[in-house]
Amino acid sequence: MSPVSDHLPNGPYGPVPRKEDARFVRGRGTFVDDIKLPGMLHGAVLRSPLAHARIVSIDTAAAEAHPSVEAVITGDMLAGRNLAWMPTLSADVQAVLATDKVRFQGQEVAFVVARDRYSARDAIELITVEYEPLPPVIDARTALDPDAAVIRDDLPGKADNRIFDWAAGDREATDAVFAAADVVVDCDMLYPRVHPAPLETCGVVADMDHVSGRLTVWATTQAPHAHRTLYALITGLPEHKIRVVSPDVGGGFGNKVPIYPGYLCAIVGSILTGRPVKWVEDRSENLMSTSFARDYHMHGEIAATRDGKILGLRAKVLADHGAFNGAAQPTKFPAGFFHIFTGSYDLQAAYCEVTGVYTNKAPGGVAYSCSFRITEAVYLVERMVDLLARELGMDAAGLRMQNLLRPEQFPYTCPTGWVYDSGDYPRALRAAMDLAGYEDLRREQTARRERGEYMGIGVSFFTEGVGAGPRKQMDILGLGMADGADLRIYPTGKAVLSVSCQTQGQGHETTFAQIVAAELGLSPDDVEVVHGDTDRTPFGLGTYGSRSTAVSGAAAVVAARKARERARIVAAAMMEVSADDLEWTEGAWRVRGDPEQAASIAAIAMAAHSGLDLPDGVEGHLDTETVYNPPNLTFPFGAYICVTDVDPGTGQVAVRRFIAVDDCGVRINPMIVEGQVHGGLADGIGMALMQAIAFDADGNCLGGSFMDYLLPSAVECPSWELGATVTPSPHHPIGAKGIGESATVGSPAAVVNSVIDALAPLGVRHADMPLTPAAVWSAIQGRPLRSDLAITD
Amino acid sequence: MQVPAYVEYEKATSVDHALTLLARFGPEARVLAGGHSLIPMMKLRLAQPETLIDINGLTGLSYIEVTDGELRIGAMTRHAQLLDSAVAGQRFAILHDAERVIADPVVRLWGTVGGSLCQADPSEDLSAAFAALKATMVIQNLTGTRTVHAREFHTGPYETVVAPGELLTEIRIAIVPGGGSAYQKVGRRVGDWPIGAAGAAIWLDNGSDSGTIADAGIGLTAVGAEHFSAAAAEDFLRGAPATQETFARAGQIAAEHCRPVSDQRGPADYKRHLAGELTARALGAALARATGAGPLPPVQRSPGQRSPGSPRPRRGGS
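Everything numeric here is computed off the predicted structure, so don't read it as measured data.

## Remarks on the overall build of chain B
Piece 1. The helix and strand inventory of chain B stands at 12 helices and 13 strands.
Piece 2. Its C-alpha atoms give chain B a radius of gyration of 19 Å, within 12% of the compact-globule value 20 Å for 318 residues.
Piece 3. Seen along its three principal axes, the alpha-carbon backbone of chain B occupies a region of about 55 × 45 × 40 Å.
Piece 4. Taking all 318 residues of chain B together, 53% fall into the buried category.
Piece 5. Across chain B, the fraction of contacts at a sequence separation of at least 24, relative to all contacts at a separation of at least 6, is 64%.
Piece 6. For chain B, the computed accessible surface area is about 12,900 Å², with 52% contributed by carbon and sulfur atoms.
Piece 7. Within chain B, the 32 negative side-chain charges are centred at a point lying 7 Å from the centre of the 30 positive side-chain charges.

In structure tokens form, the structure reads like this:
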């Protein structure tokens, strides 16, 4: 096989094949469930069958008598160690094992440690729990009713199910804009509860060594360093004695940001038995109990002039957070970044209010590639703009083009205070329309409508906000959202970059090697990327919210540039010239005016370790480290167009084409970027057409398997048609913005807008996701809104 | 990882051996055919048989042939084999229509026709297809064989007339000239169980040109249709002109007689609508095939689908 560098069309940036794929395609990856330690035991969780019930008694005697069982852990045992409750990432607490009540179906009640997985599962069935059922609160719209059962009676003085009321924007200014507007359109819409459903479920191997006092935790985590700190805070173990290792991770999408009760149970199990304990949840446990996403009941209003100038936007949101407020998002933002909901448009005023409530459902709320709820925000504004276009009789793309921010308005401060860094929105929309053949599609649609055929063209335009974040404004549990990078350059000119972010499939080992290689004149083959082991990497908050390239990528650049400056000093000594006389061109330090006199990083690295007299400023090597605190978010954007064909007789939707033009700033590895977009678009098809974690009135979760929680297949996905524009971020050191969540954020609205557009001749103006055949048919019958409950007659 | 409870395992080497094992291990034994429903249910511990009797070695039950004016399908025939069978598809296109939308290529390579029928899921596709074709099931026990009409085979959700100690061995369909058949299914996603599906078979008077329906069979699944069929709609069709209006009315009758329940796939009224809509569409497609008016859709070989001689299941015993 030829080296990677032979495939480089434009230096280190370019579609370099992914370094990590070699082990994955050979089946040689190492995931948590591949970790096998001597004497390792296996854990299993007993979960609540009820959504809301008081625990009367738990009898573990029969389970303890099972010949292969080593320990049975209950909430009462944990309470004795002050471990029955743990902090969530939103400053709430969550039960590790239930002591007083169970608050959602699937909640953790007891943990069995046995010598094998089968015995652990068998012993679960030997535990007898007596429950006293309580009335469940399942529909978020009834959670604040005066007679609703109080779910969180564990919280002192808590007398209702309200978590928070939060608002952003200028209420009075917005009211004034609405009062003066020619046209106001409003709509109720639900962004249903969905689940990230990574193919690798969550799991952990905990190994407490009582001799050294060290705890090692192998875990499927997107944030190993933050987890280490959390374990120290919760267990009281000293942080320097805790090592978290995240090996290969089979998808995260936000699902693997928090810590889960099973992780702590495995740690306690290892502490109790003195042996390693593995706990890997099964598919149903993952879908029923770990971080979900969305569950936003939204009411949107949009105000405009009759000729289509959008003036203002208002939103009122009821946010269902489940039984514990476990959303993983920056502390100061209880609704995440939802208030970026003015999207990509130049409007005068906006105001949103969000009320968070508890329900008897699994906790979470921020996951599934949502960019801290920008997914919800984009869905709202893009549906509202479509509704406005319909009201005004204007073309959906034309209305957007008329109202998009103009390039000269950047940096742009939106009505709720975000400062967008850069953008050329009309160029991206025009590119998407050209790729789609938009005008021809509209002509085709007209012809088909005359033949009684239902074809839809859906447009969405989104502005993302990623790379959280400036540590002054953004932290999680008090940990500022910065990330570190260590760069070591060995004497032969090979480099090892250690980063605090953690890949879950995004290709960090390749992209980050390309970043460093470009800065130092190396081949990506010469740069090894280390991540996922807290003993081997610098502190940082990890990978979620599309922050890897935006934050850790920037850290890598800064570390490499620091090393390059150190190299300059050494090179000056090597060539016996002043450092000021050197310039960095074509991958080497060269003497100005005499480019033949040059030193590559490899030559300089060897010299830095040699007997060469080193000048001040260099002690003896080129190694550097840095912490990158981003000055602002980066704001990727894009224009999406979806073409659907709808059969109104059955309600079936076929996605015929999907055109996606993304601008994520500078693309380091365009192939990886496109792969990220492909995955996100498939997610969007899934959310728009088939996915929901649904419940019945008793709180039974109806989405607990892949038979009922549906992932789209290649059959439902068209061959994606991708385009790109490049508007560099002015504050990122290489102008990159991040791409991880763009397609997930932008695509659901395009699909829904397309289906509604197809059904326009039937008078349908809105229908809630997922647009299953039944939902489409119901919308045609005049029932566009989805209940919180799955089953309605 | 989901793990099943403890279970004994026996591998049958002949039909008689299987029947002997079934007699020995009693009602808590379950037959393991393709296992694509039973094994997941065991992993979820929704099923906890004491003994599995594996009949995957009974290759003698894997065949598709025409004998005595009947199409005969061995119970251990894999879905992929039925989908690949020109002998079956030329006579009963409905079988290919249905097989093409059952699960995915991997499941079809190992799942069996007989296993699907005996699992008796109320959303099973083949149950509707065989009901439409008015098939006959052959059931064997240690004392001999008996035959049961497809419409008497199921006694309820997940229940059939196959008693402990018995084995379904064959499905027979009478080949009657002048017929055409088709299957229409709506699911939430490819490979999903149907939200609703309808199969139709139609036989015209005096061959294919009279335009009068001599007989018709309608199979419905996932919509609470009694015996997976729509007897009242069939009565209406018999002797009626083969027109879209007739089919639409037959669809209405079929819809009125089914009893769908609301679930996460959809509300009952939608499923009822679907029963009518798909019945009418299936009848139209069946007529087109009976008269040769419409092009028979060719059997598309999807990339994952292989010929029956070559399937190499990845997992043994499930």
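## A look at the environment of Gly593(A)
Piece 1. If you trace the backbone, Gly593(A) turns up in the loop between strand 28 (588-591) and strand 29 (594-600).
Piece 2. When the C-alpha positions of Gly593(A) and Gly480(A) are compared, they lie 46 Å apart, and in sequence the two are 113 residues distant.

## So, the domain arrangement of chain A
By a frequent convention, interface size equals the accessible area lost on bringing the separate parts together.
All names here are of chain A.
Piece 1. Taken domain by domain, chain A holds domain 1 (4-29 + 482-628), domain 2 (32-134 + 201-249 + 256-289) and domain 3 (292-468 + 632-780).
Piece 2. The C-alpha-based centres of domain 2 and domain 3 are spaced at 37 Å.
Piece 3. Of the roughly 1,700 Å² buried where domain 2 meets domain 3, counting both sides, 59% is carbon and sulfur surface.
Piece 4. Summed over the shared surface of domain 2 and domain 3, the result is 10 residue pairs in polar contact (both at pLDDT 80 or more).
Piece 5. At the level of secondary structure, the elements contributing two or more residues to the side of domain 2 that touches domain 3 comprise strand 5 (93-95) and helix 8 (283-289).
Piece 6. In terms of residue count, helix 8 provides more of the side of domain 2 that touches domain 3 than any other element does, five residues in total.

## Re helix 14 (residues 548-575) of chain A
All names here are of chain A.
Piece 1. If you check helix 14, its first and last C-alpha atoms are 38 Å apart, about what 28 residues at 1.5 Å a residue would give, namely 40 Å.
Piece 2. The element helix 14 is largely enclosed, with a buried count of 22 among its 28 residues.
Piece 3. Directly after helix 14, the chain includes glutamate 576, whose backbone phi takes a positive value near 55°.

## What to know about the sheet that holds strand 11 (residues 179-187) of chain B
Residues and elements named next belong to chain B.
Piece 1. Judged by pairing direction, the sheet is antiparallel, and its three strands sit side by side in the order 11-12-13 without closing on themselves. In the strand order of this sheet, the two ends are held by strand 11 and strand 13 (213-221), each with one partner. Each strand of the sheet is rotated relative to its neighbour by a mean of 10°, with strand direction disregarded.
Piece 2. Sheet topology places strand 12 (residues 194-204) next to strand 13; eight bridges connect them, and they run antiparallel. Paired with alanine 198 across the two strands is leucine 220, which belongs to strand 13.
Piece 3. Along the sheet face, helix 5 (residues 93-100) touches strand 11 and strand 12 and points at about 15° away from the line of strand 11.

## A closer look at the interface of chain A and chain B
Piece 1. Each partner contributes residues to the interface: chain A has 32 residues there, and chain B has 31 residues.
Piece 2. Between chain A and chain B, the buried area comes to about 2,600 Å², and carbon and sulfur atoms account for 53% of it.
Piece 3. Area buried by chain A at its contact with chain B is led by Tyr118(A), Thr650(A) and Trp777(A), which between them contribute 17% of it.
Piece 4. Arg783(A) is the salt-bridge partner of Asp269(B), the closest N and O atoms lying 3.1 Å from each other.
Piece 5. Here chain A is connected to chain B by 13 residue pairs in polar contact (both at pLDDT 80 or more).
Piece 6. At the level of elements, helix 4 (117-124), helix 8 and helix 18 (773-780) of chain A are the ones that each hand at least two residues to the side of chain A that touches chain B.
Piece 7. Its residues assigned to classes, the side of chain A that touches chain B comprises 13 nonpolar, seven polar and 12 charged.

## Quick word on unusual backbone geometry
Trans peptide bonds make up the majority, and among non-glycine residues the majority have a negative phi.
Residues and elements named next belong to chain A.
Piece 1. Look at the link from alanine 468 to glycine 469: it is a cis peptide, with omega at -25°.
Piece 2. By the secondary structure assignment, glycine 469 is in the loop between strand 21 (454-463) and strand 22 (475-476).
Piece 3. With an omega dihedral of -10°, the bond running from methionine 769 to proline 770 counts as a cis peptide bond.
Piece 4. Its location among the elements puts proline 770 in the loop between helix 17 (742-758) and helix 18.
Piece 5. The backbone of tyrosine 368 shows a phi angle near 55°, a positive value even though the residue is not glycine.
Piece 6. Take tyrosine 368: it is sitting in the loop between strand 18 (364-365) and helix 9 (374-392).
Piece 7. Even without a glycine there, the phi angle at leucine 477 is positive, about 50°.
Piece 8. Relative to the helices and strands, leucine 477 resides in the loop between strand 22 and strand 23 (479-480).

## Remarks on helix 6 (residues 224-235) of chain A
Residues and elements named next belong to chain A.
Piece 1. In this model, helix 6 (12 residues) spans 16 Å end to end at C-alpha, consistent with the 16 Å of a helix rising 1.5 Å per residue.
Piece 2. Among the 12 residues in helix 6, 10 count as buried, and that is most of the element.
Piece 3. Within helix 6, the full set of buried residues consists of Pro224, His225, Ala226, His227, Arg228, Thr229, Leu230, Tyr231, Ala232 and Ile234.
Piece 4. If you follow the buried residues of helix 6, they end up packed against strand 4 (85-87), strand 12 (214-219), strand 13 (242-245), helix 7 (261-273) and strand 23.
Piece 5. Just downstream of helix 6 lies glycine 236, where phi reads positive at about 80°.

## What to know about the side chain of Glu353(A)
Residues and elements named next belong to chain A.
Piece 1. Looking at the secondary structure, you find glutamate 353 in strand 17 (residues 349-357).
Piece 2. Looking at glutamate 353, its side chain comes within polar contact range of the side chain of lysine 316, at 3.2 Å.
Piece 3. With sequence-adjacent residues up to four places away left out, glutamate 353 is seen in contact with Trp166, Ala167, Arg171, Ala315, Lys316 and Val317.

## Side note on the packing of aromatic side chains
The relative placement of two aromatic rings is captured by the distance of their centres and the angle of their planes.
Residues and elements named next belong to chain A.
Piece 1. Summed over the entire model, instances satisfying the criterion amount to 24 aromatic pairs over all chains.
Piece 2. Through successive ring pairs, a cluster of aromatic residues spans Phe333, Phe337, Phe372, Trp418 and Tyr544.
Piece 3. Residue placement shows arginine 23 over the ring face of phenylalanine 24; its charged tip is 4.9 Å from the ring centre.
Piece 4. For arginine 314, the ring lying beneath its charged end belongs to phenylalanine 178, and the centroid distance is 4.0 Å.

Each value, and the rule that gives it
Residues numbered from 1 in each chain as written. Chains lettered and ligands numbered in written order. Predicted model: local features only at pLDDT ≥ 70, side-chain atom pairs only at ≥ 80, totals over all residues. Heavy atoms only, no water. Helix = DSSP H or I, 4+ residues; strand = E, 2+ residues; numbered from the N terminus. Rg over C-alpha atoms; globule rule 2.2 N^0.38 Å. Buried < 20%, exposed > 50% of the residue type's maximum accessible area, 1.4 Å probe, protein only. Contact = heavy atoms within 4.5 Å. Areas by Shrake-Rupley, 256 points an atom, 1.4 Å probe, with all protein chains shown as cover. Lys, Arg positive; Asp, Glu negative; His and termini not counted. Charge placed at Lys NZ, Arg CZ, Asp CG, Glu CD. Domains from an automatic or database assignment. Buried area = accessible area lost by both parts, 1.4 Å probe. Polar contact = N/O pair within 3.5 Å; in protein donor to acceptor, adjacent residues only side chain to side chain. Expected span 1.5 Å × (residues − 1). Pairing = 2+ DSSP bridges. Axes fitted to C-alpha atoms, helices over the stretch in contact; angles between N-to-C directions. Salt bridge = Lys/Arg side-chain N within 4 Å of Asp/Glu carboxyl O. Nonpolar A, V, L, I, M, F, W, Y, C, P; charged D, E, K, R; others polar. Phe/Tyr/Trp six-rings, centres within 6.5 Å; stacked < 30°, edge-to-face > 60°. Lys NZ or Arg CZ within 6 Å of the ring centre and 35° of its normal.

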